[in-house]
Amino acid sequence: MQELHMFIDGRWGGSASSEKQKRSIVDPATGMVIAEAEEAEQQDVEAAVNAAYSAFQPGSLWRNLSVSERAELLNRTADLIEERADELARLETLNTGKLYRETRYDDICAAAQEFRCCANLAGECRGNTADSGDGLLSMTVREPLGVCAIIVPWNYPLGTAAGGIAPALAAGNTVVVKPSSLTPLSAVALFQIFEEAGFPRGSVNLLLGSGKKAGKLLAESQKVSKIVFTGGTQTGRELIRNSASSVKKLALELGGKSAFIVFDDADIEAAVDNAMFASFLSQGQLCVAGSRLLVQEGIYDQVTKRLKERVGKIRVGMPMDEDAEFGPLISQQHMQSVLHYIRLGQEEGAKLLVGGKRLEEGLFADGYFIEPTVFCDCSQSMRIVQEEIFGPVLTVQKFSDEESAIELANDVQYGLAGAVFTKDLERAVRVCRNVNTGIMWVNTYLEDSGVLASSPHKQSGIGIAGGIEGIKEFTVLKQINVRAVQEKVNWFQ
Ligand code: NDP
């Protein structure tokens, strides 16, 4: 049985002063325990924060690194992730139940790319100068904030961790990372990589354990300058409350309920195929999942017919099986929550088009498998349309014209992402501009260049992620005004 330890102040294992509780880590495909993880106590959180705080002080090894030396460490991390990609993908698949072909060719590559991209941009994170012409030289410099705590969810563990850690380090901060208590395996492997890459002691720290305890203490800590949190909107609200007394900076990537809008002129096969990808990739456990399909009335029947045929044929399988197209959900508790929403959809009067059941036979008996599920004839007030289910449940609604499609798309508390399928690009751009989300796709889903930033709308979060704008969020913009010659002001005679 693998034992998972924290990494604090350059050492494996938590603070010596606490007797550690252990948490069992489970493979969601089989329900079997695969590892035992240390559980952080208050002393561990304090030790990790103090280590990161000391490593940030002027004169420390970390603070003495030049920008290019920091970039070198980030590039080395990217190299090591790529070298260990097979092993990391297997760990991520074992721990999350995500298909190996997804973790190997998306999640792990994205994590490496994040470190490489931030290494390239580190030197671009700079200020400005202004010469007023009267001997005063004004400048702005970008300075790191201090200790950044990165709190990570279970659905995309390595990728989300990298998305917070890499820009924080690129900007010169030190970090304390807390993965989801369900999925610590890849985080431990990442910290082995940090150790091998040669990060100075205390610059990177790993806490394992519960959000309710360790996450809350990080939010309350006076020594943590910024929290990067990815998780549910409800937890986000709690974090805002807990961090209020220390007025820290927050980057919150929260829930979503993204609309996938298909107009009459769309290519039906392409639209259905993309809608399935948008809603069922990662078993729908994706913040940007296109979980609300809005279809124009002229093609509604054709689209629902094709969805029924195609979704019914999705191959559910074990995550390492290369023929599998769809795996288990993350945990028994989450599976029960999704099944609850499926029952609710039926009670609310939505028509169950396909799926809706737990798979309990044979190979699937002990895992957390649910059929990919589609409800059609949904109405806007239904809870399955309004609330984030975070599982393989797609709702389908009919709309008459562009205006009503935009209205339906916007009528939820979230504003993370969305898509439009149409041949009319003028209309596509109009819809993109009028739907209140941080990301829109036209005639595609989930693709991006990997270098541009975005920021969520409404209750989907706060702050900018990605690109140079994302790195700047980890800095304070300091203004310095310099007069070379010392002169009297002569204000007071
Ligand atoms: P949670 O909000 O339950 O947890 C996220 C992280 O926060 C975990 O590490 C958790 O620890 C920790 N946590 C829990 N309670 C607190 C607290 N009071 N203070 C500080 N930290 C806490 O989300 P899930 O892990 O269930 O992930 C699913 C959610 O994440 C979905 O709502 C999804 O939309 C969202 N998400 C958003 C993304 C985005 O980019 N917008 C991307 C991916 C997911 P523990 O594991 O111990 O509970």
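Everything discussed here concerns the structure shown above.
Residues numbered from 1 in each chain as written. Predicted model: local features only at pLDDT ≥ 70, side-chain atom pairs only at ≥ 80, totals over all residues. Heavy atoms only, no water.

Chemist: Explain the site of the ligand to me, using residue names and the numbers behind them.
Modeler: Taken together, 29 residues form the shell around the ligand, and within it Ser181, Gly211, Thr235, Leu254 and Glu388 come nearest. The separation between an oxygen atom of the ligand and a polar side-chain atom of Ser180 is 3.2 Å. In the environment of the ligand, an oxygen atom lies 2.7 Å from a nitrogen or oxygen atom belonging to the backbone of Gly211. In isolation the ligand exposes 900 Å². Once the protein is present, 87% of that is buried. Broken down by secondary-structure element, the contributors of at least two residues to the shell around the ligand are α7 (211-220), β11 (224-230) and α8 (233-243). Looking at the shell around the ligand element by element, the count peaks at 4 residues for α7. Here the residues of the shell around the ligand sort into 11 nonpolar, 12 polar and 6 charged. (Near = heavy atom within 4 Å. Polar contact = N/O pair within 3.5 Å; in protein donor to acceptor, adjacent residues only side chain to side chain. Areas by Shrake-Rupley, 256 points an atom, 1.4 Å probe, with all protein chains shown as cover. Helix = DSSP H or I, 4+ residues; strand = E, 2+ residues; numbered from the N terminus. Nonpolar A, V, L, I, M, F, W, Y, C, P; charged D, E, K, R; others polar.)

Chemist: Can you explain the nonpolar core? Please cite residues and give values.
Modeler: Among the nonpolar cores identified, the biggest contains 82 residues, and Phe115, Ile165, Leu218 and Ile227 are the most heavily contacted of them. If we ignore the near neighbours within four places in the chain, the residues touching Phe115 are Leu74, Thr77, Ala78, Ile81, Ala162, Ile165, Ala166, Leu190 and Phe194. (Core = buried A, V, L, I, M, F, W, Y, C linked by side-chain atoms within 4.5 Å. Buried < 20%, exposed > 50% of the residue type's maximum accessible area, 1.4 Å probe, protein only. Contact = heavy atoms within 4.5 Å.)

Chemist: Let's hear about the environment of Ala278: which residues, and what values?
Modeler: Here Ala278 shows up in helix α9 (residues 268-280). When its relative accessible area of 0% is taken as the criterion, Ala278 is described as buried. C-alpha separation for the pair Ala278 and Thr444, spaced 166 residues apart in sequence, amounts to 9.1 Å. Sequence-distant contacts of Ala278, defined by excluding residues within four places in its chain, comprise Phe260, Ala289, Gly290 and Tyr445.

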